[in-house]
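Results of the structural survey
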Amino acid sequence: MGVFSSNAVSSDLIWEIVRNNNAYLVKRKESGGIQFSRDPLNLTNVHSRKYAGFVNEKAVGVQPGEKNGVKVISKKASASQKPAKSTTEVTHSGGQSTRKIYKTVANQTAQSGYRPDLREAAVARVSAVRKSQKDPKPTPEKKPRGAKAKKAAAGES
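So, here is what we can say about the structure in this document. Keep in mind that what you see is a predicted model, and the values were worked out from it rather than measured. One numbering rule holds for all chains: residues counted from 1, following each sequence as written. Only residues with pLDDT of 70 or above have their local features reported here, since the model is predicted, and side-chain atom pairs are shown and tallied only from 80 upward, although totals for entire chains, interfaces and linings are computed over all residues. Note: side-chain values were computed over all heavy atoms of the structure, leaving out hydrogens and water.

Okay, the side chain of N22 next. Runs of H or I in DSSP of at least four residues are treated as helices and runs of E of at least two as strands, each being numbered from the N terminus. Mapped onto the secondary structure, N22 falls in the loop between α1 (11–18) and β1 (25–28). Polar contacts, as counted here, are pairs of nitrogen or oxygen atoms within 3.5 Å of one another; within protein the pair requires one atom able to donate a hydrogen and one able to accept it, and residues that are adjacent in sequence qualify only if both atoms are side-chain atoms. At a separation of 2.9 Å, a polar atom in the side chain of N22 contacts the main-chain carbonyl oxygen of V18. A polar side-chain atom of N22 sits 2.9 Å from the main-chain amide nitrogen of Y24. Any pair of residues with heavy atoms lying within 4.5 Å of one another is described as a contacting pair. Those residues within four positions of N22 in sequence are excluded, and the remaining contacts are H47 and F54.

Spelled out as structure tokens, the structure:
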């Protein structure tokens, strides 16, 4: 159990090496040089050390699921050397209430000190995913304003 793995590298060192060039990095020069991330385990899509899922041993990601559901992906710290087994997925169906999903995601994120700093971002991401899955309300017809407009509308029908 006390055997040191030669593959173990500090996540800080990994970040310093890959922070300027990696597969998930999206750079935009026209917007003032802002940098985004396409990492599925990045809750805010901001290119930063705190939210980079591929660097941290523990990370959480939220993605849309089937039938208005939400899929929560978390990374296992114990399986960091086995990429195929390093993530777990929990799917919440679209039939569940949104508040219940918020609570389970918040508990899953902060359970036993997993990543309590990501709780708020995870719930915000679930909220954004659920909002994007709703059908937009139809826009109501504009009501005529003023006497002339009302008279013209009455004359047309």
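This part is about unusual backbone geometry. Positive phi is not limited to glycine here, since K67 has a value of about 50°. The topology assignment puts K67 in the loop between β3 (60–64) and β4 (70–75). Note on exposure labels: buried denotes an accessible area under 20% of the residue type's maximum, exposed denotes more than 50%, and partly exposed covers the range between, all computed with a 1.4 Å probe on protein chains only. The class of K67 is exposed, set by a relative accessible area of 76%. A positive phi angle, close to 60°, is found at N68, a residue other than glycine. What makes N68 partly exposed here is its relative accessible area of 41%.

Okay, the packing of aromatic side chains next. Pairs were defined over the aromatic rings of Phe, Tyr and Trp, the Trp ring being its six-membered one, requiring ring centres within 6.5 Å. Orientation was assigned from the angle between planes: stacked under 30 degrees, edge-to-face over 60, tilted for the rest. Evaluated as defined, the whole model comprises 1 aromatic pair. For the pair Y24 and F54, a centre-to-centre distance of 5.4 Å together with 45° between the ring planes defines the contact as tilted. Pair noted here: Y24 is in the loop between α1 and β1 and F54 is in the loop between β2 (34–37) and β3, with a separation of 30 residues, a long-range link. Overall, the relative accessible area of 26% leaves F54 in the partly exposed class.

Inside soluble globular proteins, nonpolar side chains tend to come together where they are buried. In this description, a nonpolar core means a group of buried Ala, Val, Leu, Ile, Met, Phe, Trp, Tyr and Cys residues linked to one another through side-chain atoms lying within 4.5 Å. Ranked by size, the top nonpolar core spans 14 residues in total, and within it L43, V62, V70, V72, V105 and V126 carry the most contacts. Secondary structure elements with two or more residues in this core: β3, β4, α2 (98–110) and α3 (119–133). Here this core gets 4 residues from one element, more than from any other, and that element is α3. Those residues in contact with V70 that lie beyond four places of it in its chain are V62, Q63, G65, V90, T91, H92, V126, V129 and R130.

Any carboxyl oxygen of Asp or Glu within 4 Å of a side-chain nitrogen of Lys or Arg constitutes a salt bridge here. Evaluation of the coordinates by the stated rule reveals 3 salt bridges. In this structure, E16 and R19 form a salt bridge, with 3.8 Å as the shortest nitrogen-oxygen distance. In this structure, the salt-bridge partner of D117 is R115, at a minimum N-O distance of 3.1 Å.

This is a description of form; function is not addressed.
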